[in-house]
Amino acid sequence: MASMTIIDIAKMCGVGVTTVSRAINNHPDISEETKAMIMKVIKENHYVPNNSARNLKRSASKTIAVLIKGITNPFFNRMIQVFEKEIQRKKYSFILQRVDENQDEIDVAIELEKEKRLKGIVFLGGNFSHAKEKLEQLTVPFVLSTIGMAAEYDPHEYSSVSVDDFKESYKMVDYLCKLGHRQIAILTASMDDVSIGKLRYEGYKKALEDHGLQVNDKLVFSMKEDIESYSMENGYVVTKELLASGEDFTALFAVSDSLAVGACKAIFESGKSVPGDYSVAGFDGLDIAYYYNPSITTIRQPVEEIAEETIKILFDLIHKKTTHAHKTFPAELVVRESTVPPSR
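Note that this is a predicted model, so its numbers are computed, not measured.

*Asks:* Talk me through the sheet that holds strand β2 (residues 93–98); I want residue IDs and the actual numbers.
*Replies:* Strand order in the open sheet formed by six strands is β2-β1-β3-β4-β5-β11, and the pairing between neighbours is parallel. Only two strands of the sheet have a single neighbouring strand rather than two, namely β2 and β11 (326–329). The sheet shows a mean angle of 15° between the axes of neighbouring strands, taken without regard to direction. Sheet topology places strand β5 (residues 159–163) next to β11; four bridges connect them, and they run parallel.

Have a look at this one:
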């Protein structure tokens, strides 16, 4: 258990990493009951806080952490491989840290930075919406990868690499409209998502508007918060609800390929077909979208290029070659078997 971290202790106790840190440091802002419970778990697992390491010069460490939300999302698999290869090629250590859906990635990053004396951080996936004051608690360079940021965020306060989620979502819905679809449902993130989910939803709305169509709120379905985000299971469950609603639609745009696969499963189980009864489109360019039957129309993101540029910018920040940088890659509309003109 020598490699156990404060994050592991937090998970075992069912509390946040900051709460564990308060217990260890005898901070007054924690109840005695909670502190006793945490210290008991620490003792039982022989966890030793890495205080000595915190006092060493940061230059002694050459470690990069990738914090990932949605680790079950296959979209991230190829990116993680590129991250690991590029980081090790630069003679740095690589740490992959999963962030649970209900965890705050900044809290996790702050504690991981102390534990491992990090040189830099990549935030991968998730709904990234944090106050400026919170981001300022991070003392090492970081890059948001695949995470689109809403307009209210100042681009001079962070670095990012992604596609233009608004533009690419617009491209897909524009294509469906040009096929002749007028009732287009969407599987999207919750409405309080201010990053990828919001941008893809806004692209959907704008494309409908430009085709003279109004958004039918009864065709807007958000992912379930108690199921892994952007997963096949989420797409399956939400599409079953959409079908049960009885609301008429001819096409369904899912904001990830995994959601689209789950949606197809629900449609088939209802006795309907894809694309005969409903056209289904996704977003990401996963291999499964190609090998699924019918193969799924999607927006293919340049995964390797995004990952490589993320690491390039991070090391430019580490070596002070830049202050902040943003790179937006174009994505590709890939038309396959799952979308056809409406039959009704």
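*Asks:* So what about the packing of helix α2 (residues 17–24) against helix α3 (residues 32–44)? Which residues, and what values?
*Replies:* The interhelical angle for the contact between α2 and α3, taken along N-to-C directions, is 90°, at an axis separation of 9 Å. Between α2 and α3, the interaxial angle falls into the category roughly perpendicular. Touching Thr-19, Val-20, Ala-23 and Ile-24 of α2 are Thr-34, Lys-35, Ile-38, Met-39 and Ile-42, all from α3.

*Asks:* Run through the pattern of salt bridges, naming residues and quoting values.
*Replies:* Enumeration over the complete set of coordinates arrives at 19 salt bridges. A salt bridge links Arg-78 to Glu-304, with the nearest nitrogen and oxygen atoms 3.8 Å apart. In this pair, Arg-78 is assigned in helix α5 (residues 75–89) and Glu-304 in helix α13 (residues 303–318), connecting sequence segments 226 residues apart. With relative accessibility at 32%, the residue Glu-304 sits in the partly exposed group. Across the salt bridge formed by Lys-312 and Asp-316, the nearest N and O atoms sit 3.1 Å from each other. Residue Lys-312 and its partner Asp-316 are located together in helix α13, separated by four residues, close to a single helical turn. Several salt bridges share partner residues, and in doing so they unite Arg-98, Asp-100 and Glu-228 into one network.

*Asks:* Describe the pairing of strand β8 (residues 251–254), naming the residues involved and giving the relevant values.
*Replies:* On β8, burial covers both faces: Ala-251 and Phe-253 on one face and Leu-252 and Ala-254 on the other are all buried. Bridge count for strand β6 (residues 184–188) against β8 is four bridges, and the pairing is parallel. Note on β8: the bridge partner recorded for Ala-185 is Leu-252. In the classification by handedness, the crossover that spans β8, the intervening helix α11 (residues 257–269) and the parallel strand β9 (residues 279–281) is right-handed.

*Asks:* Describe unusual backbone geometry, and please don't skip the residues or the numbers.
*Replies:* Residues other than glycine predominantly adopt negative phi, and peptide bonds predominantly adopt the trans conformation. Cis rather than trans, the peptide bond between Val-274 and Pro-275 has omega equal to 10°. Checked against the element boundaries, Pro-275 lands in the loop between α11 and β9. The amide bond that connects Asn-293 to the next residue, Pro-294, takes the cis arrangement and shows omega of 5°. For Pro-294, the position within the fold is in the loop between α12 (287–291) and β10 (298–300). For Thr-146, which is not glycine, the phi dihedral falls at a positive 70°. With respect to the element layout, Thr-146 can be found in the loop between β4 (142–145) and β5. Unlike most non-glycine residues, Asp-284 shows phi in positive territory, near 140°. One can find Asp-284 in the loop between β9 and α12.

*Asks:* An account of the environment of Gly-125 is needed here, citing residue identities and associated values.
*Replies:* Looking at the element boundaries, Gly-125 is found in the loop between β3 (120–124) and α7 (132–135). It is 18 Å that separates the C-alpha atoms of Gly-125 and Leu-112, two residues lying 13 residues apart in sequence. Gly-125 has contacts with Lys-69, Phe-76, Ser-145, Thr-146 and Ile-147, leaving out every residue within four places of it along the chain.

*Asks:* Give me the lowdown on the nonpolar core, citing residues and values where you can.
*Replies:* Judged by nonpolar contacts, the single largest core of 74 residues is most densely connected at Met-79, Phe-83, Tyr-204 and Phe-253. With nine residues, α13 is the largest single contributor of residues to this core. Residues Cys-13, Val-17, Ile-38 and Phe-142 belong to the second largest nonpolar core, which totals 34 residues.

*Asks:* Could you give an account of a negative patch on the surface, with specific residues and numbers?
*Replies:* Taken together, the side chains of Asp-192, Glu-225, Asp-226 and Glu-233 make up a negatively charged region of the molecular surface. Within the element layout of this structure, Glu-233 appears in helix α10 (residues 232–245). For Glu-233, a relative accessible area of 49% corresponds to the partly exposed category.

*Asks:* Tell me what's going on with the packing of aromatic side chains, and back it up with residues and numbers.
*Replies:* Counted according to the given criterion, the structure contains six aromatic pairs. Between Tyr-290 and Tyr-291 the ring centres are 4.8 Å apart and the planes differ by 80°, which places this aromatic pair in the edge-to-face class. Take Tyr-291: its relative accessible area is 66%, and that puts it in the exposed class.

*Asks:* Outline the pairing of β6, listing residues and values.
*Replies:* Counting buried positions along β6 yields five of five residues, so the element is predominantly enclosed. With burial as the criterion, each face of β6 is covered, one bearing Ile-184, Ile-186 and Thr-188 and the other bearing Ala-185 and Leu-187. Bridge count for β6 against strand β7 (residues 220–222) is three bridges, and the pairing is parallel. Considered in β7, the bridge of Thr-188 is made with Ser-222. Once you follow β6 into helix α9 (residues 196–210) and on to β7, the crossover reads as right-handed.

Conventions we followed
- Residues numbered from 1 in each chain as written.
- Predicted model: local features only at pLDDT ≥ 70, side-chain atom pairs only at ≥ 80, totals over all residues.
- Heavy atoms only, no water.
- Pairing = 2+ DSSP bridges.
- Helix = DSSP H or I, 4+ residues; strand = E, 2+ residues; numbered from the N terminus.
- Axes fitted to C-alpha atoms, helices over the stretch in contact; angles between N-to-C directions.
- Parallel < 35°, antiparallel > 145°, perpendicular 65-115°, else oblique.
- Contact = heavy atoms within 4.5 Å.
- Salt bridge = Lys/Arg side-chain N within 4 Å of Asp/Glu carboxyl O.
- Buried < 20%, exposed > 50% of the residue type's maximum accessible area, 1.4 Å probe, protein only.
- Right-handed = clockwise from strand over helix to strand, strands pointing away.
- Core = buried A, V, L, I, M, F, W, Y, C linked by side-chain atoms within 4.5 Å.
- Patch = residues over 30% accessible without salt bridge, like charges linked within 9 Å, V, L, I, M, F, W, Y side chains within 5 Å.
- Areas by Shrake-Rupley, 256 points an atom, 1.4 Å probe, with all protein chains shown as cover.
- Lys, Arg positive; Asp, Glu negative; His and termini not counted.
- Charge placed at Lys NZ, Arg CZ, Asp CG, Glu CD.
- Phe/Tyr/Trp six-rings, centres within 6.5 Å; stacked < 30°, edge-to-face > 60°.

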